[in-house]
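Examination of the molecular architecture
Residues per chain, in single letters:
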Amino acid sequence: MGKLLRQGDHVVGIDIGGTKIMAAVLNHRFEIMGRCRKKTRSKKEGQSTEERIFDVVAGALDEAGNPEIKGIGVGSPGPLDPATGVIIDTPNLNWKDFPLGEALGRRFGVPVAVDNDVNVGTYGEWCFGDVSDCADVLGVFPGTGIGGGVIVGGKLLHGFSGAAGEVGHMTIEVDGPYCGCGKRGCLEALASRIAIAKEVAALAARGDAPYIAENFGTDIANIRSGALAKAIEAGDAMVEDVVRRAAYYVGIAVANLINVLSPEAVVLGGGLVEAMESLFIEEATRAITDHAMPFLRKNVRLVPAKLGDDAVVLGAARMIAEKLAEQ
Ligand SMILES: [Zn+2]
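I will try to describe carefully the structure that is included in this document. (Residues numbered from 1 in each chain as written. Predicted model: local features only at pLDDT ≥ 70, side-chain atom pairs only at ≥ 80, totals over all residues. Heavy atoms only, no water.)

With respect to the packing of helix 5 (residues 193-205) against helix 8 (residues 237-261)
For the record, the criterion: What counts as an axis is a line fitted to C-alpha atoms, over the stretch in contact for a helix, and the angles between N-to-C directions run from 0 to 180 degrees. Labels follow the DSSP assignment, with helices taken as runs of H or I lasting at least four residues and strands as runs of E lasting at least two, numbered in each case from the N terminus. When describing relative orientation, an angle under 35 degrees is termed roughly parallel and one over 145 degrees roughly antiparallel, while 65 to 115 degrees is termed roughly perpendicular and anything else oblique. Definitions for this section: a left-handed crossing has its near helix turned counterclockwise from the far helix by less than a right angle. A right-handed crossing has that turn clockwise. Every residue pair with non-hydrogen atoms within 4.5 Å of one another is taken to be in contact. Note that Gly is not counted as nonpolar here; it falls among the polar residues with everything else outside the nonpolar set of Ala, Val, Leu, Ile, Met, Phe, Trp, Tyr, Cys and Pro and the charged set of Asp, Glu, Lys and Arg.
Running from N to C, helix 5 and helix 8 point in directions that differ by 160 degrees, and their axes come no closer than 10 Å. Put simply, helix 5 runs roughly antiparallel to helix 8. The way helix 5 lies across helix 8 gives a crossing that is right-handed. Mapping the contact onto sequence places I196, E199, V200 and L203 in helix 5 and M238, V239, V242, V243, R245 and A246 in helix 8. Across the contact of helix 5 with helix 8, the residue classes break down as eight nonpolar, no polar and two charged.

A few points about the layout of surface pockets
Worth spelling out the cut-off: Detection works on a 1 Å grid of protein atoms alone, calling trapped sets that fit a 1.4 Å probe cavities and calling open sets with protein on both sides within 12 Å along at least five of seven lines pockets, with lining residues defined by an atom within 4 Å of a point. Grid points are joined across faces, edges and corners, and a volume is the space filled by probe spheres set on the points. Residue ranges for the domains originate in an automatic or database domain assignment.
Within this model, the second largest pocket holds a volume of roughly 440 Å³. Considering the residues around the second largest pocket, the lining is formed by 18 residues, among which D115, H158, M319, K323 and E326 are closest to the centre. Counting only elements with at least two residues in the lining of the second largest pocket, the list comes to strand 8 (112-116), strand 11 (155-156) and helix 12 (311-326). Counted by class, the lining of the second largest pocket contains eight nonpolar, five polar and five charged residues. Lining the lining of the second largest pocket are residues from two domains, each supplying at least three of them: domain 1 (11-123 + 309-326) and domain 2 (133-305).

Focus on the coordination of the zinc ion
Where we set the bar: Any N, O or S atom lying within 2.8 Å of the metal counts as a donor, and for Na, K and Ca the limit rises to 3.2 Å; water is left out, so some sites can look incomplete. Here a site with four donors is tetrahedral if all angles are between 85 and 135 degrees, and a site with four or six donors is square planar or octahedral if opposite donors are over 155 degrees apart and the other angles are between 65 and 115; anything else gets the irregular label. Only protein chains enter the area calculation, which uses a 1.4 Å probe; residues under 20% of their type maximum are buried, those over 50% are exposed, and those in between are partly exposed.
Looking at the zinc ion, one finds its protein donor set to be H169 (ND1), C179 (SG), C181 (SG) and C186 (SG), positioned 2.0 to 2.4 Å from the metal centre. Around the zinc ion, the four donor atoms sit at angles spanning 105 to 120 degrees, and that spread fits a shape best called tetrahedral. Spacing between the donor residues of the zinc ion along the chain follows H-x9-C-x1-C-x4-C. Here H169, found in the loop between strand 11 and helix 4 (187-191), pairs with C186, found in the loop between strand 11 and helix 4; they are 17 residues apart in sequence, far enough to count as distant. For H169, a relative accessible area of 23% translates into the label partly exposed.

Things to note about the sheet that holds strand 4 (residues 71-76)
Convention followed: Note: two strands are recorded as paired if DSSP finds a minimum of 2 bridges between them.
If you trace the five strands from one edge of the open sheet to the other, you get 3-2-1-4-8, paired in mixed fashion. Every other strand in the sheet has two partners, leaving strand 3 (32-39) and strand 8 as the edge strands with one partner each. Taken over all neighbouring pairs, the strand axes of this sheet differ in orientation by 15 degrees on average, direction set aside. Both strand 4 and strand 8 contribute to a ladder of five bridges, which runs parallel. Residue pairing across strands places G73 opposite A113, the latter belonging to strand 8. Most of the contacts of helix 1 (residues 49-63) go to strand 3, to which it runs at about 150 degrees, and overall it touches strand 1 (11-16), strand 2 (20-26) and strand 3. Those strands touched by helix 3 (residues 117-128) are strand 1, strand 4 and strand 8, and its axis lies near 100 degrees from that of strand 8.

Bear in mind that shape data such as this cannot, by itself, settle questions of function.
Rendered as C-alpha cells:
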C-alpha cells in the first residue's frame, strides 16, 4: 500500500456532508498529518459552498505545516459524474451542474478525483478496514438516510449512469411509506434513523416509549441513534421492536444484493450501526439467512465498519493516490 505514493508525498482527502465538511492531509503512508472540520452552512454572509471547502482545505494544510500536495480526493453528495467531477444536482449545497473537480484543481493547482460520498466511504473501509483481502465487497450505511457502495473485482461499481449503489432506494415494500426521493416503500423510508424516529416519536407520545418520552421528548430531530440505543438499554421494549425490524429490513436489502452480486464481504456502518452494532449484525444476519440463497450467502463475511468519521477522507485520499499512480 505504501507504494502508491513516494516518501514525502502528501495528498488531501475531503468529505463534504450535509452538515459538516472535513478535510485531511495525509502522508505517503496515508497517515493523517492535519485536519480541519467546519459546518457546511457558513455564518459568513455570501460565502459559497466551494469557498467554504477551500477554507477547510487551507485549515487542514495549515495544521499539517503546509506541505506541497500532489492531489485531492473528494467524497461529495450526488448525483455526480465521477469521470468529470461535475456535481449534477445537490439542492442542500446549492449546486447544479457545478464543476467541483475543476474548481478545486484551479484553486490548488493539482489533479482532483471526485466520487459519491458513500462510494468513497465504502472504498475507505475496503482499503483500510477489515476486508481489504476481498475483491467483491458491499457497503451499506444506515444513518439519517441509507447509502451504499459496491466494489466488484476490486473496483467501485458506477454503472451506466455513474450513480450505481443507491441501496437506500431499493423498493422493499410496495405501497410502503413515502421516501425523500418521491417513491414509496424504499429501504430508506422504512429503516433510516428518520423512519425509526418517526415511529418511536409516536410511541413516546402515547406512553409506549417511557424512556424516550422522559429524556428526549417526541421531536424526531432529538431521537438520534444514541437516544435509541439508550432507550433499548433502559428497557423500552417497543423501541427495541422498531429498531430490530428496521435492522431486519436492512438485512433483506443486503440479502437481495448478495443474491445479485455475490460479494465476499458486507460492511455495515453508519450512525445506527455505530450506536447498536450487535443488534444490527444480529438482525441482518437473520434476514440474510432467511432471504439470501444458501450457496450465495455461504462464507460471506458480515463486518461492522471500522473507520467511523474518517472513512471518506481516507477513501478519498486513496482514490486520488491511485489516479496519480496511473498517470
Ligand atoms: Zn427512495
